[in-house]
Amino acid sequence: MKIFERLKLKQKFVVYLLFAPILLLISIMYFSARNEVMKMNEQMRTNSVSISQAVLNKVDRNFYERYGDVQAFAVNELAVTALQKRDSVISKLQKFVNTMVTYYVVYDIMMLADRDGKVILVNTVDKDNNSLSTNFIVGKNVKSEDWFRICSVTIPEGGAWYSDFTKSTESALIYGTDGWGMAFAAPVLDENQNIIGVWYNFANWNSITSGIRIENESVLQETDKSAHIIITNSDGLIIDCEAENLINQATLVNSDFENPDAYISFEDESIRLRDYNYGWGKAVGAYTYKGHNWRAVTILEKVKLSIYTFINNENIVSLMTVSLIILIICAVISIVYSNKLTNRILNIVKNVEHISNGEIVEMKDIVGTDEIASMEKSVKKLAENQNKIAHFAAEIGKGNLSVDYQPLGLNDILGNSLINMQHSLKVAEDEDNKRKIEDEKNLWSTSGFAKFGEILRNNNNDIAILSNQIIAEMVLYTNCNQGALYMLNTNDFQETFLEMIACYAWEKKKHFLDKKISLGEDLTGQCVLDKKTIILTDVPENYIIIKSGLGGANPRIVIIVPLMINEEVYGIIELASFNMLDKYIIEFVEKIGESIASSIASVKVNIRTALLLKQSQEQTQQLKQQEEEIRQNMEELSASQEEMHKREEELVSFIDAVKTAYFTVEYDLKGKVINVNSLYSNFLGVRTNEMIGLFHAECPDIKNNDIPQYDKFWEDLRNGSKKNLKIKVKTKQGNEILLYETYIPVEDEDNQIKKILKLSNFYEA
């Protein structure tokens, strides 16, 4: 007090003037710091939720890709062919599987099981193309596995089956790991949409889930060493975190963070959950992949009020700096120009408060060059910059990503952050546009496959109708202007050539429909030999003219695509357009070409089968007449032994002739097959030696038919009675045919029944 009394009045005035502002400054700094800490913690909680959700979204998208992978592999032509004709393509499929494992680098196991649950193929290399000992899996029966039980009888919702967080004993044995991961499976269908096998993929946990968590956790730990991300299943069981001892052993739920006694132990620390900010995210799946309602929580250490907070918070430091400057200026100016300077300072404070509250401030031009004027200019510059930032943020919010903003300088953290945000949004928008374009292309292709699949299914018995519908729809769907369809004619044994069987908007259609092209002749004939697509973008004059009622012109592009399946060409499709064709359209035409080739092959088989059926029916009618003659001859043979020998020789010759036109099978008196002609075994789709030794009821043509009084049927045959049957037989193409069968007891020289001869042919109603 004595020191204060010794001060001059001017000095006391300064002391009085500064005491209250200093006290106020301290209070403001404390409450501002406290408020900043609360805001920081709240922001951390918000960020935790965003991070958790982002991790789960990325995991779900990863699972969706794996979900789509297994469906794509299941429709692979090699897989279908391997299940139908296993020996012919198994080596190609093995190479394909090993290539996919090294390409995708996320799968530990990739295998294929047939319809009986037997594993016929498994990858023999890992993602780094190192050899694996997986032979013990081949031949294993997986009928009891959930994925096989479901996919072998029905197509799961969405097209594929997937597991929860699971453990694979096979993966653990092969790689020497715990075997954690996710399993995916999808049924393999034949051309008739029948399930003929199941494709199975097992994805490594670290590649598809743990790696995503570690990536995001590492970014957080660069600034917060105690940050953690934990993933649980829908029941709260921990399925992935930094501490491996917690996986599948401990649970974590929301209420644990409110429990003052709840701790969680990691490898190098044990933390009390209540001291940490946290945010939960919930998996919601991705597209057709529904997910398992997993949850993720991001844990960040709470910010506490401390000196460190004061020093490192820019807002508080700025507030302290500005307040001190204001105090000094107020003290000086209050002594010399109290009223004038006080008003100017109060105006500055008012503008600063508006700015700090985020309000838009419009300031007049500043006159003067003193310190207060400089402060006013700085505040004005701050206000103008804030107005620019507000305008920039508003335009960004409206979606105007092209709005221009110039930061104050290299040290303008906020301005540069906004520029970076704008760039990130532009990149995200560009990627989204690219994804939409790709989705539209995929949708276009998928719709096209469905459309042409319907055409190929509905007209697979009439090649003329089918070919006209194919070329018309192909020209319209690909937005071309002209097209032609050629079929490879192999009926002429001396020459194989192409003939145009359908065209669209082709000049002189009737003339061109009779056109024949030899193999290697012009580009169309050369395409058959090359077995690959020919694309012309520089079309020569008069090569082909697209005409309308108003005139004609050269196309800009011509594509010639072989209709090929299993490296065998069945025809050519040629398209011309005024517009250039994108790569995905050309690839679509090539893929559809495989289906068209398959349909053409099937139609040819159907036509050939119908022709053979008609011929067989005509032969059956002739043989019925001959059968009566045989019966009369057999009666005459019994008149004399010598005549019988002579007739028997004639009969043997006749039976040999019959075997070339009839389906014949010989049985001993016990009903066991002792001989079958190749005509019948080929018709049934089996080898001759596979039928010899089978009993009558076990034969593929009999076992699916119910013969009344079966024992009496064979007793009558042994007693010399002839029998007739009508049976249904399924051919190797899957068609059901009705056969008429005649069973004839054959006697030896002593008139004893020695065997039973069966003659079969197509039944004519």
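Residues numbered from 1 in each chain as written. Predicted model: local features only at pLDDT ≥ 70, side-chain atom pairs only at ≥ 80, totals over all residues. Heavy atoms only, no water.

On a plain count of helices and strands, the chain comes out with 19 helices and 25 strands. Taking all 765 residues of the chain together, 40% fall into the buried category. In the chain, of all internal contacts separated by at least 6 residues, the share reaching a separation of at least 24 is 55%. If you sum the accessible surface of the chain, you get close to 43700 Å²; carbon and sulfur atoms cover 51% of it. (Helix = DSSP H or I, 4+ residues; strand = E, 2+ residues; numbered from the N terminus. Buried < 20%, exposed > 50% of the residue type's maximum accessible area, 1.4 Å probe, protein only. Contact = heavy atoms within 4.5 Å. Areas by Shrake-Rupley, 256 points an atom, 1.4 Å probe, with all protein chains shown as cover.)

With that out of the way, let us pick up the packing of helix α10 (residues 371-397) against helix α11 (residues 413-458). Running from N to C, α10 and α11 point in directions that differ by 15°, and their axes come no closer than 12 Å. On the basis of their axis angle, the class for α10 and α11 is roughly parallel. Crossing angle aside, the handedness with which α10 passes α11 is left-handed. The segment α10 lies against α11, with Ile389, Phe392 and Ile396 engaging Leu414, Leu418, Met421, Gln422 and Leu425. Broken down by class, the residue content of the contact of α10 with α11 amounts to seven nonpolar, one polar and no charged. (Axes fitted to C-alpha atoms, helices over the stretch in contact; angles between N-to-C directions. Parallel < 35°, antiparallel > 145°, perpendicular 65-115°, else oblique. Left-handed = near helix turned anticlockwise from the far one by under 90°. Nonpolar A, V, L, I, M, F, W, Y, C, P; charged D, E, K, R; others polar.)

A separate point is unusual backbone geometry. Not every positive phi belongs to a glycine, and asparagine 129 is a case in point at roughly 70°. Along the chain, asparagine 129 turns up in the loop between β2 (119-122) and α5 (146-151). Exposure remark for asparagine 129: the relative accessible area of 52% places this residue in the exposed category. The backbone of glutamate 567 shows a phi angle near 65°, a positive value even though the residue is not glycine. Relative to the helices and strands, glutamate 567 resides in the loop between β19 (557-565) and β20 (568-577).

Taken together, the side chains of Tyr30, Phe31 and Leu305 present a nonpolar region at the surface, about 300 Å² in accessible area. Along the polypeptide, leucine 305 turns up in the loop between β12 (295-301) and α8 (307-312). The exposure class assigned to leucine 305 is partly exposed, which follows from its relative accessible area of 36%. (Patch = residues over 30% accessible without salt bridge, like charges linked within 9 Å, V, L, I, M, F, W, Y side chains within 5 Å. Salt bridge = Lys/Arg side-chain N within 4 Å of Asp/Glu carboxyl O.)

Further remarks concern the packing of helix α3 (residues 77-84) against helix α4 (residues 86-104). Close contact between α3 and α4 brings their axes to 7 Å; oriented N to C, the two are set at 145°. Here the hand of the crossing between α3 and α4 comes out left-handed. Residues Leu78, Ala79, Thr81, Ala82 and Gln84 of α3 pack against Arg86, Ser88, Val89, Ile90, Lys92, Leu93 and Phe96 of α4. Residue composition of the contact of α3 with α4, by class: seven nonpolar, three polar and two charged.

Another point: the side chain of serine 577. Here serine 577 shows up in strand β20. Among the polar contacts made by the side chain of serine 577, one reaches the main-chain carbonyl oxygen of asparagine 579 at a distance of 3.0 Å. (Polar contact = N/O pair within 3.5 Å; in protein donor to acceptor, adjacent residues only side chain to side chain.)

A separate point is the nonpolar core. Among the nonpolar cores identified, the biggest contains 67 residues, and Trp199, Ile230 and Trp294 are the most heavily contacted of them. Looking at which element gives the most residues to this core, the answer is helix α2 (residues 9-74), with ten residues. Residues Cys480, Ile559, Leu581 and Phe588 belong to the second largest nonpolar core, which totals 33 residues. (Core = buried A, V, L, I, M, F, W, Y, C linked by side-chain atoms within 4.5 Å.)

Under the defined criterion, the tally for this structure stands at 31 aromatic pairs. With 5.2 Å between their ring centres and 85° between their planes, phenylalanine 713 and tyrosine 743 make a pair best called edge-to-face. Separated by 30 residues along the polypeptide, phenylalanine 713 in helix α19 (residues 710-718) and tyrosine 743 in strand β24 (residues 736-747) bring together distant segments of the chain. Tyrosine 743 gets classed as buried once you look at its relative accessible area, which sits at 0%. Through successive ring pairs, a cluster of aromatic residues spans Phe63, Tyr67, Tyr162, Phe165, Trp180, Phe184, Trp205, Tyr289 and Trp294. Over the face of the ring belonging to tryptophan 180 we find lysine 167, whose NZ or CZ atom lies 5.8 Å from the ring centre. Over the aromatic face of tryptophan 280 sits the side chain of arginine 295, whose NZ or CZ is 4.4 Å from the ring centroid. (Phe/Tyr/Trp six-rings, centres within 6.5 Å; stacked < 30°, edge-to-face > 60°. Lys NZ or Arg CZ within 6 Å of the ring centre and 35° of its normal.)

Spatially, β15-β14-β13-β20-β19-β16 is the arrangement adopted by the six strands of the open sheet, whose pairing is antiparallel. The open sheet is flanked by β15 (516-518) and β16 (534-536), the only strands paired with a single partner. Here the strands of the sheet are splayed against their neighbours by 25° on average, with no regard to which way each runs. Sheet topology note: the strand β13 (residues 482-489)/β20 ladder contains six bridges and is antiparallel. Residue pairing for β20: tyrosine 486 is matched across the bridge by isoleucine 572. The strands that helix α12 (residues 463-477) touches are β13, β14 (497-504) and β20; relative to β14, the one it contacts most, it runs at about 60°. (Pairing = 2+ DSSP bridges.)

Let's shift gears to helix α14 (residues 522-530). The α-helix winds at 3.6 residues per turn, so residues separated by three or four positions along the chain end up facing the same way. Restricting attention to buried positions, one finds in α14 the residues Thr524, Gly525, Cys527 and Val528. Relative to the axis of α14, the buried residues are bounded by an arc of 145° and lie together on one face. Contacts made by the buried residues of α14 are with β13, β14, β15, β16, β19 and β20. Directly after α14, the chain includes lysine 531, whose backbone phi takes a positive value near 60°. (Arc of directions from axis to C-beta.)

Turning our attention to the pairing of β12. With five of seven residues buried, β12 is to be regarded as a mostly interior element. The pairing of strand β7 (residues 228-232) with β12 spans five bridges and is antiparallel. From the neighbouring strand, histidine 228 faces β12, where its bridge partner is isoleucine 299. Of the strand pairs in this sheet, strand β11 (residues 276-282) and β12 are connected by seven bridges, and their pairing is antiparallel. Across the sheet, residue glycine 281 finds its bridge partner in β12, namely alanine 296.

Further remarks concern the pattern of salt bridges. Applying the stated criterion across every chain, the model contains 19 salt bridges. A salt bridge links arginine 457 to glutamate 454; the nearest nitrogen and oxygen atoms lie 2.9 Å apart. In this pair, arginine 457 and glutamate 454 both sit in helix α11, three residues apart, roughly one turn of the helix. Judged by relative accessible area, which is 38%, glutamate 454 ranks as partly exposed. The salt bridge partner of glutamate 587 is lysine 583, with a shortest N-O separation of 3.9 Å. One end of the pair is glutamate 587 and the other is lysine 583, both in helix α15 (residues 583-637) and four residues apart, which spans about a single turn. What makes glutamate 587 partly exposed here is its relative accessible area of 33%. Each of Asp432, Arg435, Lys436 and Asp439 takes part in a single network of salt bridges with overlapping partners.

This part is about the pairing of strand β1 (residues 107-114). Among the eight residues that make up β1, eight are buried, leaving the element largely enclosed by the rest of the structure. Where β1 lies against strand β6 (residues 195-204), seven bridges are found, and the strand directions are antiparallel. Residue pairing across strands places leucine 112 opposite tryptophan 199, the latter belonging to β6. Here three bridges tie β1 to β2, and the two strands are oriented antiparallel to one another. What sits directly across from methionine 111, in β2, is valine 122. Linkage of β1 to β2, two consecutive antiparallel strands, is achieved through a turn of four residues, within which glycine 117 is found at a positive phi near 90°.

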